[in-house]
Amino acid sequence: MPKDFSIQNLFRDLEYTIFGTEVHQFLFRIAPLGEGALVLEPGCGCGKFGLAYALRGCEVILLDIDHEVVNYARRIRGALNSLLGFPLPVQIKVGNIHRMHFAGNSFDVVFNEGVPQHWPDEEKRQGSIDQMVRVSRDYVIVIGNNGLREEEQEADRSFDFTYKGMPPRRKCFTPDELETRLKKAGLKKVNVEGISPGKIEDSILIGGYGRKQ
Ligand SMILES: C[S@@+](CC[C@H](N)C(=O)[O-])C[C@H]1O[C@@H](n2cnc3c(N)ncnc32)[C@H](O)[C@@H]1O
């Protein structure tokens, strides 16, 4: 099933970018960055999170391996620029999270949503997080579906969507696994929370985060 680049989806993603979601609230609470901060979102998809950081004044780089996805994210940036009447400081590039050419410690926050969970093999699962930590100088945030939930475990078993650059698989992190991997990558002050309020085991999405300093 190819990704749907319809005008309806574009409009919905534009709305999420402008008005936010629980994930946006989580990101802005954990890494409350504004004017002049440098932000990287590798595996950005439509870019609705990174673009929202740009609306707060950050300088943002969005990276995705799929040319068509990158063009879609650029269309959303174009719509935002038209609505605002000035260009947002956002670069949207084709790139591979496993081979990022940025120097170490380049960004104030490096984050993504729904990315490392699509590599079940150890090398890319841990390697993608290691790369995020390498290029950050402060915050790293990894958001994904909650491996504690039966529904997500079932979705993992039946998952067959093929994102470019990923196998048609998904293996959600449990909070414990995500915490262990973030620590293994060298982060300090690591924590994992549910994105929705309430008990962590009930949240569809979890977010793991830590700091380099
Ligand atoms: C689940 S989607 C992320 C969705 C995104 N959070 C959003 O809001 O649209 C995973 C994304 O990772 C991208 N991707 C896959 N392999 C990649 C790689 N090696 N480097 C960078 N991006 C990659 C896919 O093209 C896809 O857009």
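Presented here is an overview of the structure given in this document.

Conventions used here
Residues numbered from 1 in each chain as written. Predicted model: local features only at pLDDT ≥ 70, side-chain atom pairs only at ≥ 80, totals over all residues. Heavy atoms only, no water. Salt bridge = Lys/Arg side-chain N within 4 Å of Asp/Glu carboxyl O. Helix = DSSP H or I, 4+ residues; strand = E, 2+ residues; numbered from the N terminus. Buried < 20%, exposed > 50% of the residue type's maximum accessible area, 1.4 Å probe, protein only. Near = heavy atom within 4 Å. Polar contact = N/O pair within 3.5 Å; in protein donor to acceptor, adjacent residues only side chain to side chain. Areas by Shrake-Rupley, 256 points an atom, 1.4 Å probe, with all protein chains shown as cover. Nonpolar A, V, L, I, M, F, W, Y, C, P; charged D, E, K, R; others polar. Pairing = 2+ DSSP bridges. Right-handed = clockwise from strand over helix to strand, strands pointing away. Phe/Tyr/Trp six-rings, centres within 6.5 Å; stacked < 30°, edge-to-face > 60°. Core = buried A, V, L, I, M, F, W, Y, C linked by side-chain atoms within 4.5 Å. Contact = heavy atoms within 4.5 Å.

Our next topic: the pattern of salt bridges. Pairing of side chains with opposite charge becomes possible as their charged atoms draw close. Taken as a whole, this structure holds 13 salt bridges when the rule is applied. A salt bridge links E122 to K184; the nearest nitrogen and oxygen atoms lie 3.6 Å apart. One end of the pair, E122, is in helix α5 (residues 122-135); the other, K184, is in helix α7 (residues 175-184), and 62 residues separate them in sequence. Among the residues examined, E122 registers a relative accessible area of 41% and is labelled partly exposed. Note that E177 is salt-bridged to R125, the shortest N-O span being 2.8 Å. Of this pair, E177 sits in helix α7 while R125 sits in helix α5; the two residues are 52 residues apart in sequence, bridging distant segments of the chain. The two residues E177 and R125 agree in class, both being buried. Overlapping salt bridges bring together E122, R125, E177, R181 and K184 as one network.

Attention now goes to the site of the ligand. Contacts to the ligand come from 21 residues, most closely from K48, D64, N96, I97 and E113. Measuring from a nitrogen atom of the ligand, one finds a backbone N or O atom of I65 at 3.4 Å. Here K164 contributes a backbone N or O atom positioned 3.4 Å from a nitrogen atom of the ligand. Contact with the protein chains removes 94% of the 600 Å² of surface that the ligand exposes when unbound. For the shell around the ligand, a count of residues per class yields 9 nonpolar, 7 polar and 5 charged.

Next up on the list: the pairing of strand β2 (residues 59-64). The buried fraction of β2 amounts to 5 of the 6 residues, a majority that puts the element mostly inside the structure. In this sheet, β2 lies alongside strand β1 (residues 38-42) in parallel orientation, the contact comprising 5 bridges. Looking at β2, one finds that P42 is bridged to L63. Assessed by its sense of winding, the connection that carries the chain from β1 through helix α3 (residues 48-55) to β2 is right-handed. Where β2 meets strand β3 (residues 90-94), 5 bridges bridge the pair, whose relative direction is parallel.

Side chains on a regular strand alternate between the two faces of the sheet. With 6 of 7 residues buried, strand β4 (residues 107-113) is to be regarded as a mostly interior element. Summarising the sheet, β1 and β4 pair through 2 bridges and their orientation is parallel. Residue L40 lies in a different strand from β4, and its bridge partner there is V110. By the bridge criterion, 6 bridges tie β4 to strand β5 (residues 136-145) in an arrangement that is parallel. Among the inter-strand pairings, N112 is bridged to a residue of β5, identified as V142.

Counting across every chain of the model gives 6 aromatic pairs. Between the aromatic rings of F26 and Y209, the centroid separation amounts to 6.0 Å while the plane-to-plane angle is 65 degrees, which identifies the pairing as edge-to-face. Remark: Y209 occurs in strand β7 (residues 205-211) and F26 occurs in helix α2 (residues 22-30); sequence separation between them is 183 residues. Here F26 and Y209 have matching classes, each one buried. Pairing F28 with Y53 gives two aromatic rings, centres 4.9 Å apart and planes at 85 degrees, and the pair type is edge-to-face.

Residues L27, Y53 and I141 are the most contacted members of the largest nonpolar core, which totals 37 residues. Beyond its immediate stretch of four places on either side in the chain, L27 contacts F49, Y53, F111, I141 and I143. One finds L40, V133, V140 and L187 within the second-largest nonpolar core, a separate group that totals 25 residues.

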